[in-house]
Amino acid sequence: MGTLWFGGTIYTLIEENDKVEAVYVENGLVVGAGEEENLRAEYLCTEEVDLEGGVMIPGFTDSHMHLMGHGEKLLRLDFTEITSSDEVIKSLRERAEELEPGTWIVGEGWNENQFKDKKIIHRRELDEVTGAHPVLLKRICHHAVIANTKAMELAGITSATPDPEGGVIVKDQEGNPTGYLLDQAQELVFQAQPQVSEEYLREALMKSIEDCHKKGLVGGHTEDLAYYGSLENTLHAYDEVINHEKMKFRAHLLVHHLVTEEFQQKERDLGPFIEFGAMKLFADGALGGRTALLSGPYQDDRETNGVSIHSDDNLKRLIQTARNYEMEVAIHTIGDLAFEKALDAIEAHPPVKPNQHDRLIHAQILRRDLIERAKKLPIILDIQPRFVSSDFPWVIDRIGEDKMKDCYAWKTLISEGLKCAGGSDAPIEPIDPLEGIYSAVKRESIYDHQVYMPEERLSVYEAVELYTKGSAYAVHHENDRGCIAKGYSADFTVLSRDIFKEDALLETEVVMTVVDNTIVYKRERHAD
């Protein structure tokens, strides 16, 4: 007694162009896939789902995201589409007039690279319109913020405050803070904010998962556990939303190094849809604020080569801690020197259990020697194809054209045999996997619409594999997720177009999202 899925084009992804007419599911698992007539004859189909001409593939899974943070972005001021600093100030003025004095104003996603004046707003400009409110504006990369004077006062930041380890308090020529805080310096303001409520976390998570379902995502590998007051509060929100509210979503939670010791104190079992993975840590910052750690100075600022979040010894100590708990590690590495230091640490302290592999996240700025070293290690690269669209052409000025050959080199990495998984890094980039696939295939900048490094384009099939088979491999589910085959989870994404045959990725819509044989999203049909 089970469900028959039929009436559309069904790609199994077992290999390229492999298709079946129908799929039969029992208890959330695929039992059979093949010709519709044969499945009807062999199994008792008590439920049927007609795909009505849709194109079904294995469900998309985002290999690197911040699920709670994406929900917060949906609740806050969103500056990702704003193209001038004046528009930011206008939005803040309007929000300040709506709120009681003293209420924090938090905005997300500003990016000076898409401002006409390229200006990073000064705290005094914020003070003029929001003096009665503490203000925190997160840059699109989440490795930099702008705070107004009131927020800095609450954080205790003055001209005498030294840079914290792994962070920078940007100051003017007189030594006064400008309000621009990089990487670990952000924590000073974060800690001054009031603790969020359980209801807030629950609302953010529900909005996030609902949006994921609309985008065709059946799951995501997320890092949220060290940012919302307490580990228990965050875990409780996941339990409430996914298990008690029954919003099915396969959440794989990385464990930030700051809460790893606490996490290990007791057993965690939150059911089949919530699982726990590697220890997450940061080796460097981001390119936007020039805190990604490079092996040489930035081309457009010769006075810095970025920020190392941890000393070499501390990075190795953290990885040794993970090994003591028999954990894998997932390391944020954008710059080539950060990637190099991560390889050094993993070579010094390799995984302790058979079949374990570590994850290096982003892997944007690389060198040939690093690629060769990476090929010899049990690692998988979490790449974000959409970064090509949002980082070019300005990243060339940051890095230098002569050093770009092995950067954002998705085709090279895959061709060299490195395992790769595809993610969005939402809320930093749009969570829509079709946008990520489009960027991997087209490599077209959102700024000048030029194609960059076309030799590194992926085929549509290769790009889809990143968000299906690649994401499954990253968390050791390659034998039960990422394909449509016997014994695999009944997680499907149904699309309006055949993206393997039609050159219309951005015009393609998600028709249906299915998790555990449950339709969690279905597109509404509108009358003409």
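The rules behind these values
Residues numbered from 1 in each chain as written. Predicted model: local features only at pLDDT ≥ 70, side-chain atom pairs only at ≥ 80, totals over all residues. Heavy atoms only, no water. Helix = DSSP H or I, 4+ residues; strand = E, 2+ residues; numbered from the N terminus. Rg over C-alpha atoms; globule rule 2.2 N^0.38 Å. Buried < 20%, exposed > 50% of the residue type's maximum accessible area, 1.4 Å probe, protein only. Right-handed = clockwise from strand over helix to strand, strands pointing away. Pairing = 2+ DSSP bridges. Salt bridge = Lys/Arg side-chain N within 4 Å of Asp/Glu carboxyl O. Domains from an automatic or database assignment. Core = buried A, V, L, I, M, F, W, Y, C linked by side-chain atoms within 4.5 Å. Contact = heavy atoms within 4.5 Å. Lys, Arg positive; Asp, Glu negative; His and termini not counted. Polar contact = N/O pair within 3.5 Å; in protein donor to acceptor, adjacent residues only side chain to side chain. Axes fitted to C-alpha atoms, helices over the stretch in contact; angles between N-to-C directions. Phe/Tyr/Trp six-rings, centres within 6.5 Å; stacked < 30°, edge-to-face > 60°. Lys NZ or Arg CZ within 6 Å of the ring centre and 35° of its normal. Parallel < 35°, antiparallel > 145°, perpendicular 65-115°, else oblique. Nonpolar A, V, L, I, M, F, W, Y, C, P; charged D, E, K, R; others polar. Left-handed = near helix turned anticlockwise from the far one by under 90°.

Details of the overall build of the protein
Helix and strand counts for the protein come out as 17 helices and 24 strands. For 528 residues, the compact-globule formula gives about 24 Å, and the C-alpha radius of gyration of the protein, at 23 Å, lands near that figure. Each principal axis of the C-alpha distribution contributes one length, and for the protein these read about 80 × 55 × 50 Å. Buried positions account for 59% of the 528 residues belonging to the protein.

Some remarks on the pairing of strand E10 (residues 105-110)
A large share of E10 lies buried, amounting to six of its six residues. Between the parallel elements strand E9 (residues 77-78) and E10, the chain passes through helix H3 (residues 85-98) in a crossover that is right-handed. Note that E10 and strand E11 (residues 135-139) share five bridges and pair parallel. Its bridge partner lying in E11, Trp110 is registered against Arg139.

Re the pattern of salt bridges
Taken as a whole and assessed by the stated rule, the structure comprises 37 salt bridges. Note that Glu340 is salt-bridged to Arg367, the shortest N-O span being 2.9 Å. With Glu340 in helix H11 (residues 336-348) and Arg367 in the loop between strand E19 (358-362) and helix H12 (368-375), the pair connects residues that are 27 residues apart, well separated along the chain. In this structure, the salt-bridge partner of Glu435 is Arg386, at a minimum N-O distance of 3.3 Å. Here Glu435 is found in helix H16 (residues 433-442), whereas its partner Arg386 is found in helix H13 (residues 386-391), with 49 residues between them in sequence. The class for Glu435 is partly exposed, based on a relative accessible area of 25%. Here the salt bridges share partners, and the residues they tie into one network are Glu112, Arg139, Arg290, Asp300 and Arg398.

Some details on the domain arrangement of the protein
According to the domain assignment, the protein consists of domain 1 (1-57 + 486-520), domain 2 (104-190) and domain 3 (196-473). Computed from C-alpha atoms alone, the centre-to-centre distance between domain 1 and domain 2 is 49 Å.

Some words on the nonpolar core
Core analysis: the biggest nonpolar cluster contains 106 residues, and Leu287, Leu381 and Tyr408 have the highest contact counts within it. Of all the elements, H11 adds the most residues to this core, at seven residues. In this structure Leu287 touches Ala292, Tyr298, Ile334, Gln364, Ile365, Asp391, Trp394, Val395, Arg398, Ile399 and Tyr408, once residues within four positions along its chain are discounted. Phe79, Ile82, Trp110 and Leu137 belong to the second largest nonpolar core, which has 19 residues in total.

A look at the side chain of Asp432
Within the element layout of this structure, Asp432 appears in the loop between strand E21 (419-422) and H16. No salt bridge is formed by the buried Asp432; the nearest opposite charge belongs to Lys215, separated by 5.9 Å. Of the polar contacts made by the side chain of Asp432, one reaches the backbone nitrogen of Leu434; its length is 2.9 Å.

Thoughts on the environment of Ala96
Mapped onto the fold, Ala96 is located in helix H3. On the accessibility criterion, Ala96 (11% relative accessible area) is buried. For the pair Ala96 and Thr130, spaced 34 residues apart in the sequence, the C-alpha separation amounts to 6.0 Å. Once you skip the residues sitting within four places of it in the chain, Ala96 turns out to touch Ile105, Val129, Thr130 and His133.

Looking at the sheet that holds strand E3 (residues 19-20)
The six strands are arranged E3-E2-E7-E22-E23-E24 in an open sheet whose pairing can be described as mixed. Lying at the two open borders of the sheet, with one neighbouring strand each, are E3 and strand E24 (518-522). Sheet analysis places strand E22 (residues 492-495) next to strand E23 (residues 510-515), joined by four bridges and oriented antiparallel. Bridged to Val494 within E23 is Met512. Contacting E23 and E24, helix H7 (residues 198-214) crosses the sheet at an angle of about 120° to E23.

What to know about the packing of aromatic side chains
In the structure shown here, the tally under the stated rule is 10 aromatic pairs. Ring centres of Phe392 and Tyr408 lie 5.0 Å apart, and the angle between their planes is 65°; on these two criteria the pair is classed as edge-to-face. In this pair, Phe392 sits in the loop between H13 and helix H14 (394-399) while Tyr408 sits in the loop between H14 and helix H15 (410-415), placing the two residues 16 residues apart along the sequence. Each member of the pair Phe392 and Tyr408 is classed as buried. Where Tyr461 meets Phe500, the ring centres are 6.4 Å apart and the plane angle is 50°; that geometry is what we call tilted. Of this pair, Tyr461 sits in helix H17 (residues 460-474) while Phe500 sits in the loop between E22 and E23; the two residues are 39 residues apart in sequence, bridging distant segments of the chain. Assessed through its relative accessible area of 9%, Tyr461 is described here as buried. Taken together, the aromatic side chains of Phe392, Tyr408, Trp410 and Tyr452 make up a single cluster linked through ring pairs. Between Arg40 and the ring centre of Phe6, over which it is positioned, the NZ or CZ distance is 5.0 Å. The aromatic ring of Tyr473 is capped on one face by Lys419, whose charged end is 4.9 Å from the ring centroid.

Some thoughts on the packing of helix H2 (residues 67-75) against H7
Running from amino to carboxyl end, H2 crosses H7 at an angle of 95°, the nearest separation of the two axes being 7 Å. Put simply, H2 runs roughly perpendicular to H7. The segment H2 lies against H7, with Leu67, Met68, His70, Gly71, Glu72, Leu74 and Leu75 engaging Tyr200, Leu201, Glu203, Ala204, Leu205, Lys207, Ser208, Ile209, Asp211 and Cys212. Partitioning the contact of H2 with H7 into residue classes produces 10 nonpolar, three polar and four charged.

Comments concerning the packing of H7 against helix H8 (residues 231-244)
Here H7 crosses H8 at 50°, and the two axes come no closer than 9 Å. The pairing of H7 with H8 is recorded here as oblique in orientation. H8 is crossed by H7, and the crossing has right-handed handedness. Residues Glu198, Leu201, Arg202, Leu205, Met206 and Ile209 of H7 form the contact with H8, whose participating residues are Asn233, Thr234, His236, Ala237, Tyr238, Val241 and Ile242. Across the contact of H7 with H8, the residue classes tally to eight nonpolar, three polar and two charged.

As for the sheet that holds strand E15 (residues 217-222)
The strand order across the open sheet formed by eight strands is E8-E15-E16-E17-E18-E19-E20-E21, and the pairing between neighbours is parallel. Both outer strands of the open sheet, strand E8 (60-65) and E21, are each paired with one neighbouring strand and no more. Averaged over all adjacent pairs, the angle separating strand axes in this sheet is 25°, with direction ignored. Across four bridges, E19 lies against strand E20 (residues 379-383) in parallel orientation.

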